[in-house]
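As a plain string of letters, each chain reads:
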Amino acid sequence: MLAKVLLILLGTSIILPSRSEGPHVESESAPSARDDVYGPQPQAPEEKLFSEETKSTMRLGNLPAATHILNSILNNYDHKLRPGIGERPTVVTVELSVNTLGPISIMDMEYTIDITFCQTWYDERLRYNGSFESFVLNGNMVSQLWIPDTVFRNSKRTQEHVITMPNQMVRIHKDGKVLYTIRMTIDAGCLLYMLKFPMDSHSCPLSFSSFSYPESEMIYKWENFKLEIDERNSWKLFQFDFTGVTNTTETISTPAGDFTVMTLYFNVSRRFGFVAFQNYVPSSVTTMLSWVSFWIKRDSAPARTSLGITSVLTMTTLGTFSRKNFPRVSYITALDFYIAICFVFCFCALMEFAVLNFLTYNRTKPRASPKLRHPQIRAHSRTPPRAHVHQHPEAFVCQIEDSEESDEEEGPSCPAQQSLSLDTTQSPGGCCKWCKKYFCMVPSCEGSIWQQGRLFIHIYRLDNYSRVIFPVTFFFFNVLYWLVCLNL
């Protein structure tokens with residue numbers, strides 16, 4: 001019995017160690033099975049706690065120092081008073097960067113500009129000692145510091161950007177230097193002088209100064225004038241090209257004192273293509289279209305009248321359209337002058353047909369005896385015209401033939417020696433009363449142009465004269481117009 005009990009105890013002692021060694025073997029083999037798995041390896045709990053405590057200690061070590069420095073410089077700081085008050089004027093250095101420029105409104109004579117405005121000055125009250133070179137504060141801290149009261153003198157509307165936070169920033173350096181930056185969009189006035197429109201160029205100003213501090217207390221200056229302009233941004237000039245920027249500094253006197261005024265001039269020139277296709281090309285084409293009536297027979301009164309009236313009305317419409325989006329200035333522009341001359345050409349083309357029609361179809365009937373202009377000349381005189389003119393140089397005799405040919409090229413000839421015969425039937429309606437000495441119009445005379453010091457014009461060939469006179473005159477007008485406009 002005792003032997004059985006010993007055997008049972010011995011077997012139990014053998015089985016228990018073998019069970020306790022099983023999990024130990026699995027724990028040793030587990031790392032070898034996880035060597036093929038990609039990922040961060042677990043850290044020991046002691047090491048993880050140590051690293052977190054070290055980082056938090058480092059962070060918490062800087063935060064109290066920064067808070068202590070900021071509280072110390074703002075503790076006794078009065079933001080209502082400017083730096084150096086009672087000792088010297090505050091010098092504010094200005095820098096500017098343009099985000100977008102335009103559009104330029106011609107009707108309102110203003111333009112829109114989006115800028116980032118930077119101002120730098122020194123404030124001894126903000127000096128500090130520490131390991132931090134500068135503090136960057138957001139827009140919420142601006143109200144706790146003194147900021148220059150800069151105002152844009154020619155602004156009509158100003159918008160400060162506040163999304164997602166107010167676009168303002170203050171940077172305080174350890175030597176007391178303060179940088180204040182703000183982004184804003186300004187609608188500023190720009191006086192446009194439109195005399196040379198559409199070949200005009202303009203300088204749109206952006207003027208700013210202090211609102212309450214005169215020159216004896218605050219001075220603005222450009223340390224190194226450098227305006228950052230990136231034309232690759234979304235510029236909205238549309239009809240204009242940006243040609244450069246200039247700046248001026250001046251002092252103006254007001255009842256509140258003398259103020260330093262800084263002004264930037266953004267120079268732009270108008271693009272000519274849009275106005276050319278919208279105004280010059282239609283005006284020129286309409287003027288040339290009115291000359292088509294010179295090639296239409298004078299018997300086609302409805303066609304020539306409708307073409308002339310249509311040309312005049314078209315020019316009137318173009319003149320009105322060119323002034324639709326234009327300021328109501330008291331002077332005429334270069335475009336207005338061009339359209340007015342084109343209107344005169346169209347009107348004269350219409351009047352040419354009216355004169356031709358009147359001289360052709362409204363002459364009085366021939367009388368039995370000719371009517372002589374000089375009282376000393378007898379009606380029954382047979383003296384040759386040339387000899388008679390020598391005796392009476394002021395006599396004015398004009399021969400009118402009654403034949404009205406349908407075509408200008410077909411008409412009876414009238415040689416020079418027969419054009420002033422006194423024994424032929426004459427019509428007083430053919431002679432012009434307003435050209436008594438050197439001018440006479442005859443219906444069909446193919447003889448010499450100059451006879452007895454008078455100019456003879458073939459009234460049936462008035463269209464032939466107009467076909468040459470109108471285009472040549474319009475061509476010389478264009479040459480003179482563009483030479484003057486492009487060299488002003």
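Residue indices follow the written sequence of each chain, beginning from 1 at its first position. Only residues with pLDDT of at least 70 are given local features in this predicted model, and only at 80 or more are side-chain atom pairs given and counted; all residues enter the totals for whole chains, interfaces and linings. With hydrogens and water stripped out, all remaining heavy atoms of the structure feed into the side-chain values.

Engineer: What exactly am I supposed to notice about the pairing of strand β9 (residues 218-221) here?
Structural biologist: Side chains on a regular strand alternate between the two faces of the sheet. Type-normalised accessible area, obtained with a 1.4 Å probe on protein chains alone, sets the label of each residue: buried when under 20%, exposed when over 50%, and partly exposed for intermediate values. Secondary structure elements follow DSSP: runs of H or I no shorter than four residues count as helices, runs of E no shorter than two count as strands, and numbering proceeds from the N terminus. Only one face of β9 is covered, namely the one carrying Met218 and Tyr220; the face carrying Ile219 and Lys221 has none of its residues buried. DSSP-based pairing: two strands are paired if at least 2 bridges between them are found. Here strand β1 (residues 90-105) pairs with β9 via four bridges, running parallel. Following the sheet pairing, Val92 is matched in β9 by Tyr220.

Engineer: Can you walk me through the pairing of strand β12 (residues 257-270) in this structure?
Structural biologist: The buried fraction of β12 amounts to eleven of the 14 residues, a majority that puts the element mostly inside the structure. Of the strand pairs in this sheet, strand β8 (residues 201-210) and β12 are connected by nine bridges, and their pairing is antiparallel. By the bridge assignment for β12, Cys204 is matched with Phe266. Here 14 bridges tie strand β11 (residues 240-254) to β12, and the two strands are oriented antiparallel to one another. Directly across from Asp241, in β12, lies its bridge partner Ser269. In sequence, β11 turns back onto β12 through a hairpin of two residues.

Engineer: Explanation requested: the packing of aromatic side chains in the structure shown.
Structural biologist: Any pair of aromatic rings gets described here by the distance separating the centres and the angle formed by the planes. Each aromatic pair joins two rings of Phe, Tyr and Trp (for Trp, the six-membered one) with centres within 6.5 Å, and gets the label stacked for planes under 30 degrees apart, edge-to-face for over 60, and tilted for any other angle. In this structure the tally under the stated criterion is 30 aromatic pairs. On the basis of an interplanar angle of 70 degrees and a centroid distance of 6.1 Å, the ring pair of Trp146 and Tyr213 is categorised as edge-to-face. You can see Trp146 sitting in the loop between β3 (134-138) and β4 (150-152) and its partner Tyr213 sitting in the loop between β8 and β9, a full 67 residues away along the chain. The interplanar angle of 40 degrees and the centroid separation of 5.6 Å between the aromatic rings of Phe272 and Tyr280 together place this pair among those described as tilted. Judged by relative accessible area, Tyr280 falls into the buried class, the value being 4%.

Engineer: Help me understand a nonpolar patch on the surface, please; the structure alone is not making it clear to me.
Structural biologist: Residues form patches when they are more than 30% accessible in relative terms and have no salt bridge. Like charges link within 9 Å. Nonpolar side chains (Val, Leu, Ile, Met, Phe, Trp, Tyr) link within 5 Å. Only the protein chains shown count as covering a residue, and every accessible area follows the Shrake-Rupley method with a 1.4 Å probe. Salt-bridge detection follows one rule: a side-chain nitrogen of Lys or Arg within 4 Å of a carboxyl oxygen of Asp or Glu. A surface patch of nonpolar side chains, amounting to about 760 Å² of accessible area, comprises Tyr465, Val468, Ile469, Val472, Phe475, Phe476, Val479 and Leu483. Of note, Val468 is situated in helix α7 (residues 462-486). Taking relative accessible area as the criterion, Val468 reaches 51% and is therefore assigned exposed.

Engineer: Could you clarify how one ought to interpret the state of the cysteines in this entry?
Structural biologist: Put plainly, a disulfide is one covalent bond tying together the sulfur atoms of two cysteines. Whenever a pair of cysteine sulfur atoms sits within 2.5 Å, that pair is classed as a disulfide. For the structure on display, the rule yields one disulfide. The disulfide partner of Cys190 is Cys204, and the gap between their sulfur atoms is 2.4 Å. Of note, the bridge from Cys190 to Cys204 carries an S-S torsion of about -75 degrees and is left-handed in sense. Of the two residues, Cys190 is situated in the loop between β7 (177-189) and β8 and Cys204 in strand β8; the sequence distance between them amounts to 14 residues. A single burial state applies to Cys190 and to Cys204, both of which are buried. In this structure Cys342 is not part of a disulfide, and its nearest cysteine sulfur, from Cys346, lies 6.9 Å away. Its relative accessible area of 0% is what places Cys346 among the buried residues.

The values reported here are purely geometric and, on their own, carry no functional implication.
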